[in-house]
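Results of the structural survey
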Amino acid sequence: MTVTAVPGVAERQRPAPRLRKLEDERWLALALLMPTAILLGLFIAYPFVEGVLLALSDARVGYAGHFVGLANFAKLWDDNIFWTSVWNTFWYTGVTTVFKLGLGLWLAMLLNRHFRGKALVRAFILLPFIIPTVLSTFAWKWMFDPTFSVINWTLYQLGFITQRINWLGDPGLAMSSIIVVNIWRGVPFFAISLLAGLQTISPELNEAAAIDGARPWARFWLITWPLLLPVTMVVMLFSVIQTFADFQLVYVMTGGGPANATHLFATYAYQIGIGTGLLSQGAAVSLAMFPFLFLIVVVQLLYIRRVEVR
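Residues numbered from 1 in each chain as written. Predicted model: local features only at pLDDT ≥ 70, side-chain atom pairs only at ≥ 80, totals over all residues. Heavy atoms only, no water.

Looking at unusual backbone geometry
- In this structure, P258 follows G257 across a cis peptide bond, with omega equal to 0 degrees.
- Counting through the fold element by element, P258 comes out in the loop between α13 (248-253) and α14 (265-275).
- Positive phi outside glycine occurs at A259, with the angle close to 55 degrees.
- With respect to the secondary-structure elements, A259 resides in the loop between α13 and α14.
- On the basis of relative accessibility, which here comes to 77%, the residue A259 falls in the exposed class.
- Backbone geometry places N260, a non-glycine residue, at a positive phi of 65 degrees. (Helix = DSSP H or I, 4+ residues; strand = E, 2+ residues; numbered from the N terminus. Buried < 20%, exposed > 50% of the residue type's maximum accessible area, 1.4 Å probe, protein only.)

Points about the packing of aromatic side chains
- Counting across every chain of the model gives 21 aromatic pairs.
- With centroids separated by 5.3 Å and ring planes inclined at 50 degrees, the aromatic side chains of F48 and F290 adopt a geometry described as tilted. With a gap of 242 residues between them, F48 in helix α3 (residues 25-55) and F290 in helix α15 (residues 279-309) connect regions that are remote in the sequence.
- Under the relative-accessibility criterion, F48 is labelled partly exposed at 39%.
- Considering the side-chain rings of F129 and F189, the 5.8 Å spacing of their centres and the 20 degrees angle between planes classify their relative orientation as stacked. (Phe/Tyr/Trp six-rings, centres within 6.5 Å; stacked < 30°, edge-to-face > 60°.)

Considerations on the side chain of S177
- Take S177: it is sitting in helix α10 (residues 171-198).
- In this structure S177 comes out as buried when scored by relative accessible area, which is 2%.
- If we ignore the near neighbours within four places in the chain, the residues touching S177 are F144, W167 and L168. (Contact = heavy atoms within 4.5 Å.)

Remarks on a nonpolar patch on the surface
- Side chains of W27, L30, M34, I38, L39, L40, L42, F43 and I44 sit close together on the surface and give an oily, nonpolar patch of about 920 Å² of accessible area.
- With respect to the helices and strands, M34 occurs in helix α3.
- A relative accessible area of 38% places M34 in the partly exposed class. (Patch = residues over 30% accessible without salt bridge, like charges linked within 9 Å, V, L, I, M, F, W, Y side chains within 5 Å. Areas by Shrake-Rupley, 256 points an atom, 1.4 Å probe, with all protein chains shown as cover. Salt bridge = Lys/Arg side-chain N within 4 Å of Asp/Glu carboxyl O.)

Considerations on the environment of G102
- Position of G102 among the secondary structure elements: in helix α5 (residues 80-111).
- The spatial distance from the C-alpha of G102 to the C-alpha of A191 is 9.5 Å, given a sequence separation of 89 residues.

Some thoughts on the environment of W142
- Checked against the element boundaries, W142 lands in helix α8 (residues 133-143).
- The spacing of W142 and M253 is 111 residues in sequence and 9.3 Å in space, taken between C-alpha atoms.
- Every residue in contact with W142, bar those within four places of it in the chain, is listed here: F148, S149 and V150.

Points about the nonpolar core
- Among the nonpolar cores identified, the biggest contains 55 residues, and F82, Y92, F265 and V285 are the most heavily contacted of them.
- Elements with a contribution of two residues or more to this core: α5, α10, α12 (216-244), α13, α14 and α15.
- Of the residues forming this core, the biggest block, eleven residues, is contributed by α10.
- Sequence-distant contacts of F82, defined by excluding residues within four places in its chain, comprise L76, F265, Y268, V285 and A288. (Core = buried A, V, L, I, M, F, W, Y, C linked by side-chain atoms within 4.5 Å.)

Some words on the environment of K100
- Structurally, K100 is set in helix α5.
- According to the relative accessible area criterion, K100 is buried, its value standing at 3%.
- Residues K100 and M236, 136 residues apart in the sequence, show an inter-C-alpha distance of 9.2 Å.
- In this structure, K100 is in contact with L105, N182, I183, G186, V187, F190, S239 and T243, ignoring residues within four places of it in sequence.
- A distance of 3.2 Å separates the side chain of K100 from the side chain of S239, its partner in a polar contact. (Polar contact = N/O pair within 3.5 Å; in protein donor to acceptor, adjacent residues only side chain to side chain.)

Focus: the packing of helix α11 (residues 203-211) against α12
- Two elements in contact, α11 and α12, have axes whose closest approach is 10 Å; the angle formed by their N-to-C orientations is 165 degrees. When the axis of α11 is compared with that of α12, the two are roughly antiparallel. The hand of the α11/α12 crossing is right-handed. Residues L205, N206, A209 and A210 of α11 pack against R219, I223, T224 and L227 of α12. (Axes fitted to C-alpha atoms, helices over the stretch in contact; angles between N-to-C directions. Parallel < 35°, antiparallel > 145°, perpendicular 65-115°, else oblique. Left-handed = near helix turned anticlockwise from the far one by under 90°.)

Regarding α10
- In a regular helix each residue adds 1.5 Å, so 28 residues correspond to 40 Å; α10 covers 39 Å between its end C-alpha atoms and thus fits that length.
- The largest bend along α10 measures about 35 degrees and falls at G186, with the proline P188 one to four residues further on.
- Between the side-chain oxygen at the start of α10 and the backbone nitrogen of G172 there is a gap of 3.1 Å, and the oxygen is on D170. (Expected span 1.5 Å × (residues − 1). Bend = angle between axes of the 7 residues up to and from the residue.)

Taken by themselves, the reported measurements are silent on function.
Put into structure tokens, the structure is as follows:
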């Protein structure tokens, strides 16, 4: 018996050329990655390239500028405020990261235990991280106000002080104040992230060590901490990147003052680029942050890879 093919049916059953390309893993991967690549190019690569071009010119508001090479960076080398910003940024990032890690790990260990109302406590701890930065920073600015400060009132009632303290008007106290606020805001991120890491560790390991007579500190240091270290390093990496480029908190609380004592890279770049209209010099300050941050990220990534291999 001879079967006669109906004209046009075989052609309709064949997949279209475009669909056949999607059956190839290479074309499918390219199609899936293309939207992400476009977004990264528009919102990351293009602003970065534009910033580099600005830093290499003498552009300012209303003037496109001309190529001047590294002249803007040469000015920064002799700028005392810039070097103050460099020191402040490293100090601000280092101190806050250490305290956020310590407090976040302590909270994560507490929340990893079973107790009544644990879900409510978890939600309450997330509040500093959920509240908009500017809104919470304004509240802290009022708390540090020398005239209406609730902190000064409490310390006065307890007998610790006899006169008002200008928290944001003294250079040393202003830096300490913004560090405290950053720690308050960043601890929930560490706590919840480390709690997620703790819950991936099998409780049988700690139970077996306890049966063998290991004390709680020994169980934490020899079992919990090594297994939690990869998660900890990733959380610290994200925290360092975010803190190193912090802007909103410092700008709202002190604006870089008093007397430029709390300027970070971001706030000083904004003051020069937007405040005075010198776009090229502001871009140079922002770009000067890149080598420091790139080195920190590379070192942390290499350490994370070493920990994972180990």
